[in-house]
Amino acid sequence: THLILISVSTVLMAFLWRDTFDAESVRGARVLVTGASTGIGEQIAYHYARLGAQIVVTARREQVLQRVVEMCRKLGAEKALYVTADMSLITDPERVVKFAVDNLGGLDFMVLNHIGSSNFAMWDGDDDHVRSLMQVNFLSYVQMTSAALPVLEQSGGSVVVVSSLLGKLTTPFVGPYSATKFALNGFFGTLQHELSMQNSNVSLTISILGLIDTDSAMEKVRGKTYMIAYPASDAALHIIKAGATHQKESYYPWFHYFTCLFRDWFPHSRDLVIQKSFTY
Ligand code: NDP
């Protein structure tokens, strides 16, 4: 019986998660990627470039963005432009969307990926940091979505929100960051319902990532956790495919689907395991 159950669930999972991605669906697409100067966002830009998309990248550092744009052109982007912006400023999120729409003549994919910096440490009582991180990691996503929705409605486009396992379950040392990711899952989960109830043309994907080997993440967790980090380039391709195939929620690495599924089954043991996976 066990063998049959395992086989059936393996076939079912293989069917549910089969790769239905068609690279042609991204060729020539008009794409905006935030937080694209480094890490996963930079890799997202390069994958879109290889797929022949038209790309606008954004972050704060101009010289780094210039290099990303040059690389995108070399890799085969039909168009590659950058716009500098600081998402902690109230007016920049809308300005970035307008820049992309004006320069690309519309928008097909908007990938919201940027995050402000935060410590990997016990919360020290700094509520100002929580407030400012909310603007960068959460409110700016809401502002950009609000600005882009009418354009995406016309093109039948997609919003992809890069979230985290830390927006689904809690661990020590990441209070402010985790709060912004829970906020994203709550807000954009609600929006998914509402778009569906209104028969909207816009698809909205939330990508849930586990630990990824970007420089900024590795710098924070080195020597402090036993968790394995997965490659940024693979995470980036996963995000693009999830958006292009209109998945509502996607998980990278895939087994975090089960992490979330089993999250509340044994809360006491779960919390012990979580706390034991960090050095303190
Ligand atoms: P990075 O720290 O490598 O990159 C962050 C990006 O955001 C950079 O391009 C940075 O560029 C930009 N940025 C920072 N502050 C601002 C600001 N105020 N305004 C505009 N842009 C800003 O992040 P990762 O690549 O590691 O993470 C990318 C996404 O993946 C995030 O949403 C993160 O939460 C998610 N994720 C990552 C995991 C990981 O382990 N790496 C795990 C789970 C989720 P600049 O400094 O030039 O502005």
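Criteria and thresholds
- Residues numbered from 1 in each chain as written.
- Predicted model: local features only at pLDDT ≥ 70, side-chain atom pairs only at ≥ 80, totals over all residues.
- Heavy atoms only, no water.
- Helix = DSSP H or I, 4+ residues; strand = E, 2+ residues; numbered from the N terminus.
- Buried < 20%, exposed > 50% of the residue type's maximum accessible area, 1.4 Å probe, protein only.
- Contact = heavy atoms within 4.5 Å.
- Areas by Shrake-Rupley, 256 points an atom, 1.4 Å probe, with all protein chains shown as cover.
- Lys, Arg positive; Asp, Glu negative; His and termini not counted.
- Charge placed at Lys NZ, Arg CZ, Asp CG, Glu CD.
- Right-handed = clockwise from strand over helix to strand, strands pointing away.
- Pairing = 2+ DSSP bridges.
- Near = heavy atom within 4 Å.
- Polar contact = N/O pair within 3.5 Å; in protein donor to acceptor, adjacent residues only side chain to side chain.

Visitor: Looking at this structure, how should I read the overall build of the chain?
Guide: Helix and strand counts for the chain stand at 10 helices and 7 strands. For the chain, the spread of C-alpha atoms along the three principal axes comes to 50 × 50 × 40 Å. For the chain, with 280 residues in total, the buried portion stands at 48%. For the chain, long-range pairs separated by at least 24 residues make up 69% of all intrachain contacts whose partners lie at least 6 apart in sequence. A total accessible area of about 14500 Å² is found for the chain, and carbon and sulfur atoms account for 58% of it. Positive and negative side-chain charges in the chain, numbering 23 and 25 respectively, have mean positions lying 3 Å apart.

Visitor: Can you walk me through the environment of Gln192 in this structure?
Guide: Relative to the helices and strands, Gln192 is located in helix α6 (residues 175-197). Excluding its chain neighbours within four sequence positions, the residues that come into contact with Gln192 are Leu204, Thr205, Ile206 and Lys248.

Visitor: Got a minute to help me understand the pairing of strand β2 (residues 54-59) in this structure?
Guide: For a regular strand, side-chain orientation follows a simple rule: the groups alternate between the two sheet faces. With 6 of 6 residues buried, β2 is to be regarded as a mostly interior element. Going residue by residue along β2, you find Gln54, Val56 and Thr58 tucked away on one face and Ile55, Val57 and Ala59 tucked away on the opposite face as well. For the handedness criterion, the β-α-β arrangement of strand β1 (residues 30-34), helix α2 (residues 39-50) and β2 is classed as right-handed. Judged from the 6 bridges that link them, β2 and strand β3 (residues 79-84) form a sheet pairing that is parallel. Residue Val56 lies in a different strand from β3, and its bridge partner there is Leu81. One crossover worth recording links β2 to the parallel β3 by way of helix α3 (residues 62-75), and it is right-handed.

Visitor: Please explain the site of the ligand as it appears in this structure.
Guide: Close to the ligand lie 30 residues; Ser37, Arg60, Arg61, Tyr177 and Thr214 are nearest. Measuring from a nitrogen atom of the ligand, one finds a backbone N or O atom of Ile115 at 3.5 Å. Here an oxygen atom of the ligand and a side-chain polar atom of Thr214 are 2.7 Å apart. In isolation the ligand has 900 Å² of accessible area, and contact with the protein removes 92% of it. For the shell around the ligand, the elements supplying multiple residues, two or more each, are α2, α5 (127-155), β5 (158-164), α6 and α7 (215-221).

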